[in-house]
Amino acid sequence: MIFDIFSRKSKVTDIYESSFNKKCLSAKQINQGFYGWVFLIENSDHKTIIAKVYKLLGYMDTEVLQLDMMRKYALVSVPEIYSVSHKKDNGYFDVMFMEYINGVNAAAVKITDEKEKMAFSNQVIENVLAIHEVSNPNGFGSYIDHDYCLNWESLYKLNITKLYNSLHTHKPLIFSKKSFELMEALYESFDEVFTDTVKENHLIHGDYNLWNLIADPKTNKLIGMIDPFGSCFADRELELFQLTNANGEEYRLLENYASHISLSSNFEVKNAYYFFWDDIKHMVNMGYCENKRFQKYGKFIIDRL
């Protein structure tokens, strides 16, 4: 493990220096997610930038376009991309070099005053509302490949069918029999969950939670947003479960959002359904599996249908 980190750091340093023709004074891994590693680099001009290394090919090119889209509509800073380097060119991995927004992930902000908490909550919700305000006249779907559909239910069913079929073809050993049976039951219950037709499409970030927002810890101001994932034109409720991730409940983010936007009549069930299949997606893509969580949300939905 230590060797892997050292080796990755050395390769990131080499790629940075050859890409920018500048000496790298330091490179420190500061984060790791399902899909990549994040390094903080200081160059010979004492400028700090971010290097994001991708575990799989293809995700970097998609994120470039997603960051460009988010930058158009977000109320806070979205990092500028300085350069990208593909595995086919550097021999190691895809890596993106981008602007460092000087702050902390918003989940790390410590606010105790209730009025300040509400003020911070408002900033988070105002930003996502601005993004959700954007719609697409061509319908639901991906602005990456311009593949659109006028019916959300058809598109979403197609997306989860791909995941469902993948797990029938190759079921990870770690995915328990009980979780697998719940997945099958939830797949068959699709029509019972989607009783209200989704009529409007909205631009979504795709992974909008406090971990992917940046705050100034001195002022408690929201200053940045990173890491869109699965950003597209969708049912805006698709990403609302993210508002309860990290410590979002402490700021009553979902409650705040719902005070601005009327939610589906069966929102609680739909929200858990979206959460369940989002975790399935990460398992299919990267092998992530937390059976207790699958069973928690699966049982929550089944008990209410």
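A quick note: this is a predicted structure, and the numbers were derived from the prediction, not measured.

1. Details of the overall build of the protein
Of the regular secondary structure elements, the protein holds ten helices and twelve strands. At 20 Å, the protein has a C-alpha radius of gyration in line with the 19 Å of a compact globule built from 305 residues. Across its three principal axes, the protein shows a C-alpha extent of roughly 60 × 50 × 40 Å. In the protein, the share of contacts with a sequence separation of at least 24, taken over all contacts with a separation of at least 6, comes to 68%. Surface accessibility of the protein: about 15200 Å² in total, with carbon and sulfur atoms responsible for 51%.

2. Section: the packing of aromatic side chains
A full pass over the atoms with the stated rule returns 29 aromatic pairs. Judged by centre distance (5.7 Å) and plane angle (75 degrees), the ring pair of phenylalanine 276 and tryptophan 277 falls under edge-to-face. The ring of tyrosine 82 carries lysine 47 above its face, with NZ or CZ at 4.5 Å from the centroid. Between lysine 157 and the ring centre of phenylalanine 190, over which it is positioned, the NZ or CZ distance is 5.0 Å.

3. A word on helix α5 (residues 152-169)
Its 18 residues place the ends of α5 26 Å apart at the C-alpha level, agreeing with the 26 Å of an ideal helix rising 1.5 Å per residue. Every buried residue of α5 is accounted for by Trp152, Glu153, Leu155, Tyr156, Ile160, Thr161, Leu163, Tyr164 and Leu167. Tucked into the core, α5 has its buried residues touching β7 (140-142), β8 (147-149), α6 (177-188), α7 (190-193), β12 (232-234) and α9 (267-286). N-capping of α5 is provided by asparagine 151, with a side-chain oxygen placed 3.2 Å from the backbone N of glutamate 153.

4. Quick look at the sheet that holds strand β1 (residues 24-32)
Taking strand neighbours across the sheet as the criterion, the five strands line up as β1-β2-β3-β5-β4 in an open arrangement whose pairing is antiparallel. Bordering the open sheet on either side are β1 and β4 (81-85), each of which pairs with just one other strand. The sheet shows a mean angle of 20 degrees between the axes of neighbouring strands, direction not considered. As paired strands, strand β2 (residues 36-43) and strand β3 (residues 48-54) are joined by seven bridges and run antiparallel to one another. Counterpart to valine 38 in the pairing with β3 is lysine 52. The sheet strands contacting helix α2 (residues 59-73) are β3, β4 and β5 (95-99), and the helix crosses β4 at an angle near 165 degrees.

5. Details of the pattern of salt bridges
Overall, the coordinates contain 17 salt bridges when judged by the stated rule. Close ionic contact of lysine 281 with aspartate 278 constitutes a salt bridge, the shortest N to O distance being 2.9 Å. In this pair, lysine 281 and aspartate 278 both sit in helix α9, three residues apart, roughly one turn of the helix. Overall, the relative accessible area of 12% leaves aspartate 278 in the buried class.

6. Things to note about the packing of α9 against helix α10 (residues 291-304)
At a minimum axis separation of 9 Å, α9 and α10 run at an interaxial angle of 150 degrees. As judged from the angle between their axes, α9 and α10 are roughly antiparallel. For the pair α9 and α10, the crossing hand works out as left-handed. Facing Glu268, Val269, Ala272, Tyr273, Phe275, Phe276, Asp279, Ile280 and Met283 of α9, the residues of α10 in contact are Arg293, Phe294, Tyr297, Gly298, Phe300, Ile301 and Arg304. Looking at the contact of α9 with α10 residue by residue, the classes come out as eleven nonpolar, one polar and four charged.

7. Some words on the state of the cysteines
Across all of its chains, the model carries zero disulfides by this definition. For the unlinked cysteine cysteine 149, the closest cysteine sulfur is that of cysteine 232, found at 12 Å.

8. Focus on α9
Helix length check: α9, at 20 residues, gives a terminal C-alpha distance of 28 Å against a target of 28 Å (1.5 Å per residue), a fit within 8%. Just downstream of α9 lies glycine 287, where phi reads positive at about 85 degrees.

9. Some words on the environment of leucine 67
Considering the arrangement of structural elements, one finds leucine 67 in helix α2. By relative accessible area, which is 1% here, leucine 67 ends up buried. Remark: the alpha-carbon pair of leucine 67 and leucine 155, spanning 88 residues in sequence, is separated by 23 Å. The contact partners of leucine 67, leaving out residues within four places of it in the chain, are Val78, Ile81, Met96, Met98, Asp227 and Pro228.

10. Brief notes about the nonpolar core
Of all hydrophobic cores here, the largest spans 41 residues; its most connected members are Phe120, Leu210 and Met225. Counting residues per element, the ones that place at least two in this core are β3, α2, β5, α4 (114-132), β10 (213-216), β11 (221-225) and α8 (253-258). Of all the elements, α4 adds the most residues to this core, at six residues. When neighbours within four sequence positions are excluded, leucine 210 is seen to be in contact with Asn105, Ala106, Ala107, Phe120, Val124, Ala246, Asn247, Gly248, Tyr251 and Leu253. Listed in part, the 35 residues of the second largest apolar core include Met183, Cys232, Val269 and Ala272.

Each value, and the rule that gives it
Residues numbered from 1 in each chain as written. Predicted model: local features only at pLDDT ≥ 70, side-chain atom pairs only at ≥ 80, totals over all residues. Heavy atoms only, no water. Helix = DSSP H or I, 4+ residues; strand = E, 2+ residues; numbered from the N terminus. Rg over C-alpha atoms; globule rule 2.2 N^0.38 Å. Contact = heavy atoms within 4.5 Å. Areas by Shrake-Rupley, 256 points an atom, 1.4 Å probe, with all protein chains shown as cover. Phe/Tyr/Trp six-rings, centres within 6.5 Å; stacked < 30°, edge-to-face > 60°. Lys NZ or Arg CZ within 6 Å of the ring centre and 35° of its normal. Expected span 1.5 Å × (residues − 1). Buried < 20%, exposed > 50% of the residue type's maximum accessible area, 1.4 Å probe, protein only. Polar contact = N/O pair within 3.5 Å; in protein donor to acceptor, adjacent residues only side chain to side chain. Pairing = 2+ DSSP bridges. Axes fitted to C-alpha atoms, helices over the stretch in contact; angles between N-to-C directions. Salt bridge = Lys/Arg side-chain N within 4 Å of Asp/Glu carboxyl O. Parallel < 35°, antiparallel > 145°, perpendicular 65-115°, else oblique. Left-handed = near helix turned anticlockwise from the far one by under 90°. Nonpolar A, V, L, I, M, F, W, Y, C, P; charged D, E, K, R; others polar. Disulfide = S-S within 2.5 Å. Core = buried A, V, L, I, M, F, W, Y, C linked by side-chain atoms within 4.5 Å.

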